[in-house]
Amino acid sequence: MTSIVPTRHLFGPGPCNPYPEATSALGLPLLGHLDPEFIARMDRVADGLRVLWGTRNARTLPLSATGSAGMEAAFVNTVTDGDVAVIAVNGLFGERMCEVASRVGAEVVRVDHEYGTPIDAERVAAAHPNPTVIAGVHAETSTGVVSDIAALGAIKGEALLITDAVTSIGGMPVHADDWGIDIGYAGTQKCIGVAPGLAPFTISDRAFERRIEKPSSWYLDLGLLGGYTTGATGGGRTYHHTAPVAMVASLEAGINRILAEGLDAVTERHQAAGKALQDGIQTMGLELFAQEGSRLPQLTTVKVPENVDSAKVRGYLLERFNIEIGGGVGQYANTVWRIGLMGPNANPGSVALILSSLKEAIDKA
Ligand SMILES: *Cc1c(COP(=O)(O)O)cnc(C)c1O
């Protein structure tokens, strides 16, 4: 048995290959979680996240949790028994929002969209006259679709707008304040190019003031988390839980890497790589799944050709080339492939590698 897995090319919808700076930072000496050096690092991370989020929200921090826990934090702090949550569903992560919101007691009003199509803000607006929250996914990783979050912000009225930016942040523009996002959650493992495990989170003052006084989760209670990050309370840092100090150091390195390149340049790099991949896929005679005009550059969905065994192709890519791509979700499990070009993977070399190896896998698997 091999004891060391050779380096994978992670082109799936899950973690991407991290930026090398983020990987190196995992090896920095550990600091105590209340060490002044660590507190200063946490402040720098919060500042960097404000840039990535496009927000001035004081309460912007990396939750010590996955992206899904960020989703849970968004709902558990804003809705409770009987509150109405209007949720746009155009993929797996919209579905997950419905499940999370219903478990905290919300009355969920689903606005279903065909998979592969973007959110229609007019339909969301018409779904309920005065919801407590409206929620939608910016970049649906399950279908490869980008939606217009500013359009949701424009129709939200008195409702709070919850936005999933797990796959968009660090890869395409996010303007939380301009778009009217009240609560946003993200992840580190997609375009930010850091290992999975933290949830960059932001909440507006308006939303914080309206939060549930004593939510059913202790760990994700944003009122308690206030003292965990500076800028939120003005007071000193208090112990809430032991911060994952190594991951925060890695996140700082990832953010610095992105800001050094520049957000515009990072966006352009993702766009160029995604377009080259999507053009190449179509030139090979394959069809894309996501609707034209709403395709994410960082996550391409491809229809598996008739008479091709999806699992065999994915297995061939993994064994022969160390390349991971994703299958589809739900009813599309075997009929759609998902190819991520996130963070450092968004480059022309990755595109060439995927196109040539996918062609061979389809021919030979
Ligand atoms: C990956 C992802 C999540 C979940 O993040 P985890 O870290 O896996 O919990 C949520 N929403 C979207 C859009 C994602 O791509």
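Computed from a prediction, not measured in an experiment: that's the story for all the values here.

Peer 1: Hey, could you go over unusual backbone geometry for me, with residue numbers and the actual values?
Peer 2: Although it is not a glycine, Asn307 adopts a positive phi angle of roughly 65°. The phi torsion at Asn322 lies on the positive side, around 60°, for a residue other than glycine. Counting through the fold element by element, Asn322 comes out in the loop between α12 (310–321) and β12 (323–324). A residue is classified by how much of its surface remains accessible, and Asn322, at 18% relative accessible area, is buried.

Peer 1: Can you lay out the site of the ligand for me, pointing to particular residues and giving the numbers?
Peer 2: Around the ligand, a shell composed of Thr66, Gly67, Ser68, Phe93, Val137, Ala139, Thr141, Asp164, Val166, Thr167, Gln189 and Lys190 is seen. One of the side-chain nitrogen or oxygen atoms of Ser68 is found 2.6 Å away from an oxygen atom of the ligand. Protein chains bury 88% of the 390 Å² of accessible surface belonging to the ligand in isolation. At a threshold of 2 Å from the grid points, most atoms of the ligand map onto the largest pocket. The residue inventory of the shell around the ligand, partitioned by class, reads four nonpolar, six polar and two charged.

Peer 1: Could you give me a rundown of a nonpolar patch on the surface, with the residues and numbers involved?
Peer 2: A cluster of nonpolar side chains, namely Val51, Leu259 and Leu263, defines an oily patch on the protein surface of about 200 Å² accessible area. Within the fold, Leu259 resides in helix α10 (residues 245–261).

Peer 1: Outline the side chain of Thr202, supporting the account with residue identities and numerical values.
Peer 2: By the secondary structure assignment, Thr202 is in strand β10 (residues 199–203). Within the local environment of Thr202, its side chain forms a polar contact with the side chain of Asn57, the two groups lying 2.9 Å apart. Discounting chain neighbours no more than four positions away, the residues touching Thr202 are Trp53, Thr55, Asn57, Arg59, Thr60, Asp182, Ile183 and Gly184.

Peer 1: A description of the pattern of salt bridges should follow, citing residues and the corresponding values.
Peer 2: By the definition in use, this model includes 16 salt bridges. Taking the shortest distance from any N to any O, the salt bridge between Arg103 and Glu99 comes out at 2.9 Å. One end of the pair, Arg103, and the other, Glu99, are both in helix α4 (residues 92–103), four residues apart, so they sit about a helical turn from each other. For Arg103, a relative accessible area of 69% gives the class exposed. Exposure remark for Glu99: the relative accessible area of 40% places this residue in the partly exposed category.

Peer 1: Outline the sheet that holds strand β14 (residues 336–340), listing residues and values.
Peer 2: Pairing is antiparallel across the open sheet formed by three strands, whose spatial order is β11-β14-β13. A strand with exactly one partner marks an edge of an open sheet, and here the two such strands are β11 (299–303) and β13 (326–327).

Peer 1: I'd like to hear about the pairing of strand β2 (residues 59–63), residue by residue, with values.
Peer 2: For a regular strand, side chains alternate in direction, first toward one face of the sheet and then toward the other. Most of β2 sits inside the fold, with five of its five residues counted as buried. Neither face of β2 is open: one carries Arg59, Leu61 and Leu63, the other Thr60 and Pro62, and all of them are buried. With five bridges joining them, β2 and β10 adopt antiparallel strand pairing. When the sheet's bridge partners are listed, Leu61 is paired in β10 with Phe201.

Peer 1: Describe helix α11 (residues 263–283), listing the residues and the values that go with them.
Peer 2: Structurally, the α-helix is built with 3.6 residues per turn, so residues lying three or four positions apart point the same way. Between its first and last C-alpha, α11 extends 30 Å over 21 residues, near the 30 Å set by a 1.5 Å rise per residue. Taken residue by residue, α11 has Val266, Thr267, Arg269, His270, Ala273, Gly274, Leu277, Gln278, Gly280 and Ile281 as its buried positions. The inward-facing, buried residues of α11 abut α10, β11, β14 and α13 (348–364). Positive backbone phi, approximately 95°, marks Gly285, located one or two places after α11.

Peer 1: Describe the domain arrangement of the protein, and please don't skip the residues or the numbers.
Peer 2: The domain architecture assigned to the protein consists of domain 1 (9–15 + 263–364) and domain 2 (20–260). On a C-alpha basis, the centroid separation for the pair domain 1 and domain 2 is 27 Å. Contacts between the two partners involve 24 residues from domain 1, matched on the other side by 29 residues from domain 2. Between domain 1 and domain 2, roughly 2000 Å² of surface is buried when both sides are summed, and carbon and sulfur atoms account for 68% of that area.

Peer 1: How would you summarise the sheet that holds strand β3 (residues 84–89) if you had to cite specific residues and measurements?
Peer 2: Within the open sheet, the seven strands sit side by side as β2-β10-β9-β8-β5-β3-β4. Their pairing is mixed. Because the sheet does not close on itself, it has two edges, and the strands there are β2 and β4 (107–112). Here the average twist between neighbouring strands, direction ignored, is 15°. Across three bridges, β3 lies against strand β5 (residues 133–137) in parallel orientation.

Peer 1: Tell me about the packing of aromatic side chains, residues and numbers included.
Peer 2: Enumeration according to the criterion identifies three aromatic pairs in this entry. The lysine or arginine in question, Arg59, covers the ring of Phe208, its NZ or CZ lying 3.6 Å from the ring centre.

Peer 1: Give me the lowdown on helix α2 (residues 36–53), citing residues and values where you can.
Peer 2: With 18 residues, α2 extends 25 Å from end C-alpha to end C-alpha; this agrees with the ideal 26 Å at 1.5 Å per step. Among the residues of α2, those classed as buried are Phe38, Ile39, Arg41, Met42, Val45, Ala46, Gly48, Leu49, Arg50, Leu52 and Trp53. Close packing links the buried residues of α2 with β2, α7 (176–179), β9 (183–185), β10, α10 and α11. In this structure Asp35 caps α2, since a side-chain oxygen of it lies 2.7 Å from the backbone nitrogen of Glu37.

About the criteria used
- Residues numbered from 1 in each chain as written.
- Predicted model: local features only at pLDDT ≥ 70, side-chain atom pairs only at ≥ 80, totals over all residues.
- Heavy atoms only, no water.
- Helix = DSSP H or I, 4+ residues; strand = E, 2+ residues; numbered from the N terminus.
- Buried < 20%, exposed > 50% of the residue type's maximum accessible area, 1.4 Å probe, protein only.
- Near = heavy atom within 4 Å.
- Polar contact = N/O pair within 3.5 Å; in protein donor to acceptor, adjacent residues only side chain to side chain.
- Areas by Shrake-Rupley, 256 points an atom, 1.4 Å probe, with all protein chains shown as cover.
- 1 Å grid on protein atoms, 1.4 Å probe; cavity = no way out; pocket = protein on both sides within 12 Å on 5 of 7 lines; lining within 4 Å.
- Sits in = over half its atoms within 2 Å of the grid points.
- Nonpolar A, V, L, I, M, F, W, Y, C, P; charged D, E, K, R; others polar.
- Patch = residues over 30% accessible without salt bridge, like charges linked within 9 Å, V, L, I, M, F, W, Y side chains within 5 Å.
- Salt bridge = Lys/Arg side-chain N within 4 Å of Asp/Glu carboxyl O.
- Contact = heavy atoms within 4.5 Å.
- Pairing = 2+ DSSP bridges.
- Expected span 1.5 Å × (residues − 1).
- Domains from an automatic or database assignment.
- Buried area = accessible area lost by both parts, 1.4 Å probe.
- Axes fitted to C-alpha atoms, helices over the stretch in contact; angles between N-to-C directions.
- Phe/Tyr/Trp six-rings, centres within 6.5 Å; stacked < 30°, edge-to-face > 60°.
- Lys NZ or Arg CZ within 6 Å of the ring centre and 35° of its normal.

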